[in-house]
Amino acid sequence: MKILRRLIIGAIICALSNAATAQQGHHAGHNGDQHPIVEIPLHRAAPRIELDIRRDTMSGYNLHIDCDRFELESPRYADAASAKFLEGHAHLYINGKKIQRIYGPDLHLPDKLFKPGFNQITVTLNAHDHSTWSRAGKRILATLFIRLDRPELILHRFSTSPLAPDTGSDKPS
């Protein structure tokens, strides 16, 4: 019975992971909450992103966004001449619904944003015009699949551009 349950949960996670990336087509038009994509120039290394979440000791959850090669900041501090890193903000989606923009690496998420049990948290990296950064037509994003009723909160992590040990090369990935 445990094996069957794990297979079913694995299939659900796989399907949701595929759904998270299925809308990463090569079009540049709006589609509901979908923002246009903008290709990262090939002479720039693609940003990397991963997420982590922990239960808050008081209430809700604390989300941490770990980025490399990307300046996560408010448009107020945008630098049009940035030569080394891409910059912009992030968009937070919970269970497919856009919740808010993010200008820094840490964010408190109140309980009311989640449904009981299984939830999906996705963060996309966006330019200041809200277009989503992409490489080869794939949006730069990270997703967590979590179960609120389990001691081990995170079931699965996914990133289109995961953090990896730095090889010293600044070539595009």
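It should be noted that the structure appears before, not after, this text.
Residues numbered from 1 in each chain as written. Predicted model: local features only at pLDDT ≥ 70, side-chain atom pairs only at ≥ 80, totals over all residues. Heavy atoms only, no water.

### A few points about the nonpolar core
Definition in use: In these notes, a set of buried Ala, Val, Leu, Ile, Met, Phe, Trp, Tyr and Cys residues joined through side-chain atoms within 4.5 Å is what counts as a nonpolar core. Exposure categories follow from relative accessible area, calculated using a 1.4 Å probe and restricted to protein chains: below 20% of the type maximum is buried, above 50% is exposed, and the middle band is partly exposed. Secondary structure counts use DSSP, requiring at least four H or I residues in a row for a helix and at least two E residues in a row for a strand, with both numbered from the N terminus. In this description, contact between two residues means that some pair of their heavy atoms is separated by no more than 4.5 Å.
In terms of nonpolar packing, the biggest core is built from 30 residues, with Ile53, Leu63, Leu92, Leu109, Ile121, Val123 and Ile146 touching the most fellow members. Those elements that place two or more of their residues in this core are strand E2 (48–55), strand E3 (61–68), strand E4 (70–72), strand E5 (86–94), strand E7 (106–109), strand E8 (118–126) and strand E11 (141–147). In terms of residues, this core owes the most to one element, E5, which gives 4 residues. Not counting residues up to four positions away in its chain, the partners in contact with leucine 109 are Ile53, Gly60, Tyr61, Leu63, Leu92, Ile94, Phe114 and Ile121.

### Observations regarding the sheet that holds E7
As a reminder of what qualifies: The criterion for strand pairing is that DSSP finds at least two bridges linking the strands in question. To get an axis, fit a line to the C-alpha atoms, keeping to the stretch in contact for a helix; angles then go from 0 to 180 degrees between the N-to-C directions.
As summarised here, the arrangement of the 3 strands in space is E2-E3-E7, forming an open sheet in which the pairing is antiparallel. The sheet is open, and its two borders are formed by E2 and E7, each paired with just one other strand. With direction set aside, neighbouring strand axes in the sheet form an average angle of 20 degrees. Where E3 meets E7, 4 bridges bridge the pair, whose relative direction is antiparallel. Residue pairing for E7: leucine 63 is matched across the bridge by leucine 107.

### Regarding the pattern of salt bridges
Stated precisely, the cut-off is as follows: Salt bridge criterion: a side-chain nitrogen from Lys or Arg within 4 Å of a carboxyl oxygen from Asp or Glu.
Scanning all chains against the criterion turns up 4 salt bridges. For aspartate 52, the salt bridge is made with arginine 54, and the minimal N-O distance between the two is 3.2 Å. Of the residues examined, aspartate 52 reaches a relative accessible area of 18% and is grouped as buried. With a closest N to O distance of 2.8 Å, aspartate 149 and arginine 147 form a salt bridge. On the basis of relative accessible area, arginine 147 is assigned to the buried category, the value being 18%. The network of salt bridges with common partners includes Asp52, Arg54 and Arg157.

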